[in-house]
Amino acid sequence: MYIYDDFDHAFLTERNRQFRAQVQRRIDGALTEDEFKPLRLMNGLYLQLHAYMLRVAIPYGSLNPHQMRKLAAIADRFDKGYGHFTTRQNIQYNWPRLSDVPDILDALAEVGLHAIQTSGNTIRNVTSDHFAGAAADEIADPRPVAELIRQWSTDHPEFQFLPRKFKVAVTGSEIDRAVTRAHDIGLRMLRRNGVPGFEVIVGGGLGRTPMIGKVLRDFLPVADLLPYLEAVVATYNLLGRRDNKYKARIKITVHENGIERVRDLVEARFTEIAPQFDAAATAAQLARIETMFKAPALHATSDLAYQAAYSADPLFRAWADTNLHPHRDADHAIVTISLKAHGETPGDATSDQMRLIADLAEAYGHGEIRISHEQNVILPHVARADLPAVHKALRVQGLATANVGLISDIIACPGMDYCALATARSIPVAQEIATHFDALKLEHDIGPLKIKISGCINACGHHHVGHIGILGLDRAGVEYYQITLGGDGTEDAHLGERTGPGFAYDQIVPAIDRIVRAYLHQRIDRNESFLEAYRRLGAAPFKAALYESEAANAP
Amino acid sequence: MPRETLPQVVTANALIEGDVVYLSADHGWTRHLQQALVLTNTTDAEIALAEADSRISEVVGCYLTDVRVTASGPQPVHFREDFRRRGPSNYAHGKQAAAATAA
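Just so you know, these numbers come straight off a predicted model, no measurement behind them.

What about the overall build of chain B?
Inference 1: The helix and strand tally for chain B stands at three helices and five strands.
Inference 2: Ordered by position in the sequence, the α and β elements of chain B form the string β-β-β-α-β-β-α-α.
Inference 3: Reported as C-alpha extents along the three principal axes, the dimensions of chain B are approximately 40 × 35 × 20 Å.
Inference 4: Looking at chain B residue by residue over its 103 residues, the buried ones come to 31%.
Inference 5: Long-range pairs, those at least 24 residues apart, make up 51% of the contacts in chain B with a sequence separation of at least 6.

Comments concerning the domain arrangement of chain A
When the parts of a complex come together, some accessible area is lost, and that lost area is often taken as the interface size.
Inference 1: Splitting chain A by domain gives domain 1 (6–110), domain 2 (142–292), domain 3 (304–396) and domain 4 (411–553).
Inference 2: Of the residues that constitute the side of domain 3 of chain A that touches domain 4 of chain A, the class distribution is two nonpolar, four polar and two charged.

Examining the sheet that holds strand β2 (residues 52–56) of chain A
Strand pairing within a sheet occurs via backbone hydrogen bonds; the two strands may be parallel or antiparallel.
All names here are of chain A.
Inference 1: What the five strands build is an open sheet, ordered β1-β2-β5-β4-β13; its pairing is antiparallel. Among the strands making up the open sheet, the edge pair consists of β1 (45–47) and β13 (348–350). Strand-to-strand twist in this sheet, taken as the mean axis angle between neighbours without regard to direction, amounts to 30°.
Inference 2: As judged from the three bridges shared by β2 and strand β5 (residues 91–93), these two strands associate in the antiparallel manner. Looking at β5, one finds that R55 is bridged to Q92.
Inference 3: Sitting on the sheet, helix α12 (residues 351–364) touches β4 (82–85) and β13, and the angle it makes with β13 is about 85°.

Describing the sheet that holds strand β9 (residues 195–202) of chain A
Residue and element names in this part refer to chain A.
Inference 1: If you trace the five strands from one edge of the open sheet to the other, you get β6-β7-β8-β9-β10, paired in mixed fashion. Here the strands that pair on one side only, and so sit at the sheet edges, are β6 (127–128) and β10 (214–221).
Inference 2: Direction of pairing for β9 relative to β10: antiparallel, over a ladder of five bridges. Opposite V202, over in β10, you have K214 as the bridge partner.
Inference 3: Running over the sheet, helix α6 (residues 225–239) touches β8 (185–192), β9 and β10 and is turned about 10° from β9.

Description of α6 of chain A
For an α-helix, 3.6 residues make a turn, and residues three or four places apart therefore share a direction.
Residue and element names in this part refer to chain A.
Inference 1: Counted at 1.5 Å a residue, the expected span for α6 with its 15 residues is 21 Å, and the 21 Å between its end C-alpha atoms agrees.
Inference 2: Of all the 15 residues making up α6, 11 are buried; the element is thus mostly covered by neighbouring parts of the structure.
Inference 3: Those residues of α6 that fall on the buried side of the exposure criterion are L225, L226, P227, Y228, L229, E230, A231, V232, V233, T235 and Y236.

Some thoughts on the nonpolar core
Residue and element names in this part refer to chain A.
Inference 1: Within the largest apolar cluster, 171 residues are counted, with the highest numbers of intra-cluster contacts made by L54, V232, I357, I453, I470 and I515.
Inference 2: Take this core: its biggest share by element is eight residues, from α6.
Inference 3: Ignoring sequence-local partners within four residues, the contact set of I515 consists of I468, F542, A545 and L546.

Considering the pairing of strand β5 (residues 73–76) of chain B
All names here are of chain B.
Inference 1: As defined by bridge partners, strand β4 (residues 59–70) adjoins β5 across four bridges and the pair is classed as antiparallel. In the strand pairing of β5, V67 is matched with P76.
Inference 2: The hairpin turn running from β4 into β5, its antiparallel successor, is two residues long.

So, the interface of chain B and chain A
Inference 1: Opposite the 22 residues of chain B that make contact, chain A presents 24 residues.
Inference 2: At the level of secondary structure, the elements contributing two or more residues to the side of chain B that touches chain A comprise β4 and α2 (79–86) of chain B.
Inference 3: If one sorts the elements of the side of chain B that touches chain A by residue count, α2 of chain B sits on top with four residues.
Inference 4: Split into classes, the residues belonging to the side of chain B that touches chain A amount to eight nonpolar, 10 polar and four charged.

As for α12 of chain A
Residues and elements named next belong to chain A.
Inference 1: Here α12 is 14 residues long and its end C-alpha atoms lie 20 Å apart, about the 20 Å a rise of 1.5 Å per residue gives.
Inference 2: Residues of α12 that are buried include every one of S351, Q353, M354, L356, I357, A358, L360 and A361, and no others.
Inference 3: Within two residues after α12, H366 carries a phi angle of roughly 55°, on the positive side.

Description of the pairing of strand β17 (residues 451–454) of chain A
All names here are of chain A.
Inference 1: Residues of β17 alternate between two faces, with I451 and I453 on one and K452 and S454 on the opposite face, all of them buried.
Inference 2: Relative to β17, strand β16 (residues 411–412) is paired through two bridges, and the arrangement is parallel. Opposite I411, over in β17, you have K452 as the bridge partner.

As for the environment of R86 of chain B
All names here are of chain B.
Inference 1: Relative to the assigned elements, R86 resides in helix α2.
Inference 2: On the basis of neighbour count, R86 is assigned to the partly exposed category, with 17 C-beta atoms found within 10 Å.
Inference 3: Considering only alpha carbons, one finds R86 and Q96, 10 residues apart in sequence, at a separation of 6.2 Å.
Inference 4: Other than its neighbours up to four places away in sequence, R86 contacts K95 and Q96.

Here's the deal with the packing of α12 of chain A against helix α13 (residues 387–396) of chain A
Residues and elements named next belong to chain A.
Inference 1: Between α12 and α13, the shortest axis-to-axis distance is 11 Å and the interhelical angle comes to 170°. The orientation of α12 with respect to α13, classified from their angle, is roughly antiparallel. The hand of the α12/α13 crossing is right-handed. Along its contact with α12, which presents L356, L360 and Y364, the element α13 presents A389, V390 and A393.

What about the confidence of the model for chain B?
For any part of a model where pLDDT is low, the fine detail of the predicted coordinates should not be relied upon.
Residues and elements named next belong to chain B.
Inference 1: When pLDDT is averaged along chain B, the result is 91; 91% of the residues meet or exceed 70.
Inference 2: Across chain B, the element-wise mean pLDDT spans from 67 in helix α3 (residues 95–102) up to 98 in strand β1 (residues 8–14).
Inference 3: With a pTM of 0.96, the predicted complex shows an ipTM of 0.93.

Some remarks on unusual backbone geometry
Residues and elements named next belong to chain A.
Inference 1: For Q89, which is not glycine, the phi dihedral falls at a positive 60°.
Inference 2: Of note, Q89 is situated in the loop between β4 and β5.
Inference 3: Positive phi is not limited to glycine here, since H366 has a value of about 55°.
Inference 4: By the element assignment, H366 lies in the loop between α12 and β14 (369–371).

Observations concerning the environment of T499 of chain A
Inference 1: Turning to its location among the elements, T499 of chain A is positioned in the loop between β20 (497–498) and β21 (503–504).
Inference 2: In this structure the C-alpha to C-alpha distance between T499 of chain A and F542 of chain A, which are 43 residues apart in sequence, comes to 8.2 Å.

With respect to the packing of helix α3 (residues 65–78) of chain A against helix α4 (residues 101–110) of chain A
Residues and elements named next belong to chain A.
Inference 1: Between α3 and α4, whose axes approach to 10 Å, the crossing angle comes to 165°. Taken together, the axis directions place α3 and α4 in an arrangement best described as roughly antiparallel. Here the hand of the crossing between α3 and α4 comes out right-handed. For the pair formed by α3 and α4, the contact residues are K70, I74 and F78 on the first element and I104, A107, L108 and E110 on the second.
Inference 2: Class assignment of the residues belonging to the contact of α3 with α4 gives a composition of five nonpolar, no polar and two charged.

Rules behind the numbers
Residues numbered from 1 in each chain as written. Chains lettered and ligands numbered in written order. Predicted model: local features only at pLDDT ≥ 70, side-chain atom pairs only at ≥ 80, totals over all residues. Helix = DSSP H or I, 4+ residues; strand = E, 2+ residues; numbered from the N terminus. Buried ≥ 20, exposed ≤ 12 C-beta atoms within 10 Å, placed from the backbone. Contact = placed C-beta atoms within 7 Å. Domains from an automatic or database assignment. Nonpolar A, V, L, I, M, F, W, Y, C, P; charged D, E, K, R; others polar. Pairing = 2+ DSSP bridges. Axes fitted to C-alpha atoms, helices over the stretch in contact; angles between N-to-C directions. Expected span 1.5 Å × (residues − 1). Core = buried A, V, L, I, M, F, W, Y, C linked by C-beta atoms within 7 Å. Parallel < 35°, antiparallel > 145°, perpendicular 65-115°, else oblique. Left-handed = near helix turned anticlockwise from the far one by under 90°. pLDDT = per-residue confidence, 0-100.

What follows is the structure, encoded as structure tokens:
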């Protein structure tokens, strides 16, 4: 993974020194909150409902064990012994004291982590495929490019006050695990006539006005990447609306101006600025970064231990069936560690769990850890022979839940339990859905099903692309939940459709139960997933299940 | 029909800890809604808010919020304020932890 050089260390040290002084001036009363707020947001520090929240960037979701142990140590020393992994591959601390934040940032800097541009109207943490460098279906590892973009965008002087926040995602596989079509810019790596490049997608996003991104350039050679990105963001910086926060994202710019006009402006700007970029220096830097992302040396191992455990241990078998993904090397597997134990908070990990993950990554995983946008943790390179030992160790810390991709593997934003913007709670809804279907022992029978929950219209919980999406709202002072069906965040990206009237807090789990039972009754067989059944049947049978029984019970 | 005018309290977050606080009758800050200064007319409420807003080295984000006055003290009207008073529902952290320690 990327290793900081002297420039990076010096930059971060200076930035942290500045912020420490800014915090001190705020505490002394020399800065008002209005003056301080943009400064703290530039450094990832929010004020939430009950406390401050510090959002730490995990660049493209990659961590080493040393960094994970530092995250655990910070959770113990400065927070309440846990952290919350988010849908943007970041980690959030929910309880830091303002006066401790400079020390937290210094501790993070020791391991090459920071909270810069995790908030504010800037280019945010670049996200990527959490199986990068490991998946059998991969064309190229997207992480070096993501790192190059991180370096280009960090503290970029032209892009510190954009009309609105700006999110970039990169994938190196045809199978889109990075939701590239729901980002301000999505980059899909591909090769044309042997030349590596990108399909550039622009103007995707969820939130208040969900949009699937459009292709801005069907092939962009790697050498043109930075000037082209700069042209896109510069065009948006001028053209994007600043009169209305809700119309300020680039998706609205593209929608209002049309993709053709945006393309013309971007291409014109690109032609203008490309000569100012030193293509040779960029290529050299990318080559330098690529050497840091060399694939680990994988050794052939025997499959016997795996086979023995698989046939003897039903718990291991269930876990292996759901939590493993094919590695490009047949003797290895990609392990997803579920942070969705039934009844627990999606995405939360205790400091003990973080330390165990770090230990396992070191012992069995070539020192690599990934955080997924689905709020799970990945060990990307585990020898199949070691899987029984990994599973056994995970069980000790409650990390062996066999539910990846199933109904309890729910994305949930923090919602009104923490977030100042939320209009309703998300976490308890996720907890109750998970425990409900676990108690019925239906989860594995139901099969692949993605439920995604947002506690407000900003859609951090990606509800629009959930097979079942749940949106929590405040209707006349009461929590109220709308359901969408048929969303999909993959390469076949599709926005879910609203079923109709929403449900009260105590009615949302029964409503989800009715949808799931309608699926179980109507599917052709177990091989037809919920999403496939929905696409075949349309919304009608699900709406009938949702509302007809309710009408029958009405007084 | 004009909307019912409810009594209000001034609430904010403590500058250092971020804890939810309320302006109290002695013009200090309390973490307990029961001890909040209840403001029954708009003028008093606006004066209290202006005073609270000026105390920039103590609190962040002051605003007025409606309460219902009951025998057990002021109660939040909106569920958001109920969560702010209580703490998150997934863990006994924040005010719940403080309440457990105090008990």
